[in-house]
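Structural features, examined
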Amino acid sequence: MPTTGISLIREHTEQMRPPRFLSVPFPLGRPFGAPNQPEFQTRVLRAALQLLEGRDGPPVLENFPDYAPETETDTETVWTCPVRFEPNQEDQPERLRLVLTEIEQLKPWHAVYVESRGRAAPSVSGLRLAQVVRLLGKLADGNPAPETESELELRELIRLGCDDLRTWYTEAAQGQPGRGTVQQIEDWFWTDTAAAHLIAAAASELGRHSDPWLRVLADRAMVPRIYKKRLFSGLTRGNHS
C-alpha cells in the first residue's frame, strides 16, 4: 500500500528513509502549519498526498515551499519580558558556569509555569539539569567517554539530556509575562542562551568522535540546521569541527 507523510525534522526523516514524505518548515506540534487556517492546512495536506502521484522514487522527500501564516493566537499577546543573556562562547569553565547561573536565573519563571500548568515535563533522561549540563561540559571539553550515573548508552543519554534541557528552558520561557510564539521561544533558546552554546560546543567535539553513531547524533540531532552556522561560527578554532 503506498504511503505518504509529513516531516517536521528533515534530518530525522532522511535517516529513516520512508517511501514518501513532505518536509515542512513549521514548529514542532504544527504539522499543518497554523491553527484556524483551513485553506493553508488543505494546501499542506494536498502537497503531501500529491507525492503519491509522482513517478520518481521511493524514497521521495520534498520541501513544502511556504512558511505558515501567523494567527490571532500567535499575535494576540506580546512576549513582554524575554530573559536575555550574553553567553561566553570561548572560555570552557566560564561557559559551564554561565549555564548553571542561567538556570538559577530562570527558576522563578519555571516555577510560575509549573504553578499555572500544575505540572512540569518529567526528565526523560533520568538526569537532573545540573547533571545534563556537566555531561555536556565534559563532552565540550573533549572527553570522548565521560562517566555517568545512567545505564543508558551514551548517545541515547546525550539525546535525551538535550531534550530535557530544551524542554525546561521552553517551560521557563512560557512562565514569563505575555505569550511568546513557538518560533519566538525557539529563536530565544538557540540565539540568546548559554545552554545553546554549550550544546553546540559538545556537538562540535562529538563530530570528530570515533563512534559513527555519535557523529550522526552531533550532525543531525543536537542543533537544528537553521542555527548551526551562527552557533558553530562562535566556537574557538580548537573546538570547531
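Residues numbered from 1 in each chain as written. Predicted model: local features only at pLDDT ≥ 70, side-chain atom pairs only at ≥ 80, totals over all residues. Heavy atoms only, no water.

**Some remarks on unusual backbone geometry**
The phi dihedral of R17 is positive, around 55°, even though this residue is not glycine. Inspection of the secondary structure assignment puts R17 in the loop between helix 1 (10–16) and strand 2 (20–23). We note that N36 has phi near 60°; this positive angle belongs to a residue other than glycine. (Helix = DSSP H or I, 4+ residues; strand = E, 2+ residues; numbered from the N terminus.)

**Quick word on the packing of aromatic side chains**
Following the criterion strictly, the structure yields eight aromatic pairs and no others. On the basis of an interplanar angle of 65° and a centroid distance of 6.0 Å, the ring pair of F26 and F64 is categorised as edge-to-face. Of this pair, F26 sits in the loop between strand 2 and helix 2 (38–50) while F64 sits in the loop between strand 3 (60–63) and helix 3 (72–75); the two residues are 38 residues apart in sequence, bridging distant segments of the chain. When sorted by exposure, F26 lands in the same class as F64, which is buried. Counting every residue linked through ring pairs, the aromatic cluster contains W168, Y169, W188, F189, W190 and Y227. (Phe/Tyr/Trp six-rings, centres within 6.5 Å; stacked < 30°, edge-to-face > 60°. Buried < 20%, exposed > 50% of the residue type's maximum accessible area, 1.4 Å probe, protein only.)

**A few points about the sheet that holds strand 2**
The parallel open sheet is built from three strands, whose spatial order is 1-2-3. Each of the sheet's edge strands pairs with one partner strand only, and the pair in question is strand 1 (6–7) and strand 3. Relative to strand 2, strand 1 runs parallel, the two being bridged by two bridges. Within the sheet, the bridge partner assigned to I6 lies in strand 2 and is L22. (Pairing = 2+ DSSP bridges.)

**Observations regarding the side chain of R20**
Within the secondary structure, R20 sits in strand 2. The charged side chain of R20 is buried without a salt bridge, its nearest counter-charge being E62 at 9.5 Å. Look past the residues within four positions of R20 in its chain and what remains in contact with it is P2, T3, T4, G5, L51, L52 and V60. (Lys, Arg positive; Asp, Glu negative; His and termini not counted. Salt bridge = Lys/Arg side-chain N within 4 Å of Asp/Glu carboxyl O. Contact = heavy atoms within 4.5 Å.)

**Looking at helix 10 (residues 225–233)**
Listing the buried residues of helix 10 in full gives Y227, K228, L231 and F232. For helix 10, the buried positions fall inside an angular range of 120° around the axis, keeping them on one side. Along helix 10, exposed side chains directed more than 90 degrees from the buried face belong to I226, K229, R230 and S233. Elements in contact with the buried residues of helix 10: helix 7 (182–192), helix 8 (194–206) and helix 9 (212–220). (Arc of directions from axis to C-beta.)

**Some thoughts on the nonpolar core**
If you look at the biggest cluster of nonpolar residues, it comprises 42 residues, and the most contacted ones within it are L136, I158, L165, Y169, I199, M222 and V223. Take this core: its biggest share by element is ten residues, from helix 8. Ignoring sequence-local partners within four residues, the contact set of M222 consists of L136, I158, C162, R166, W190, I199, A202, A203, L206 and L217. One finds F40, V44, L51 and V60 within the second-largest nonpolar core, a separate group that totals ten residues. (Core = buried A, V, L, I, M, F, W, Y, C linked by side-chain atoms within 4.5 Å.)

**A few points about a nonpolar patch on the surface**
Side chains of F32, L45, L49 and L52 sit close together on the surface and give an oily, nonpolar patch of about 320 Å² of accessible area. Here L49 lies in helix 2. (Patch = residues over 30% accessible without salt bridge, like charges linked within 9 Å, V, L, I, M, F, W, Y side chains within 5 Å. Areas by Shrake-Rupley, 256 points an atom, 1.4 Å probe, with all protein chains shown as cover.)

**Comments concerning the pattern of salt bridges**
Evaluation of the coordinates by the stated rule reveals nine salt bridges. R97 is the partner of E94 in a salt bridge, and the nearest nitrogen-oxygen pair spans 2.4 Å. Taken together, the residues span about one helical turn, with E94 and R97 both in helix 4 (residues 92–117) at a distance of three residues. Measuring nitrogen to oxygen at the nearest pair gives 3.2 Å for the salt bridge that ties E153 to R155. In this structure, a network of salt bridges that share partners links the residues E156, R159, D163 and R166.

**Topic: the confidence of the model for the protein chain**
On average, residues of the protein chain carry a pLDDT of 84, and 86% of them reach 70 or more. Confidence over residues 87–91 falls short of pLDDT 50; this stretch has 14 contacts with residues more than four positions distant or in other chains. Segment residues 237–241 is flagged for pLDDT under 50; beyond a separation of four residues in sequence, or across chains, it makes 14 contacts in the model. (pLDDT = per-residue confidence, 0-100.)

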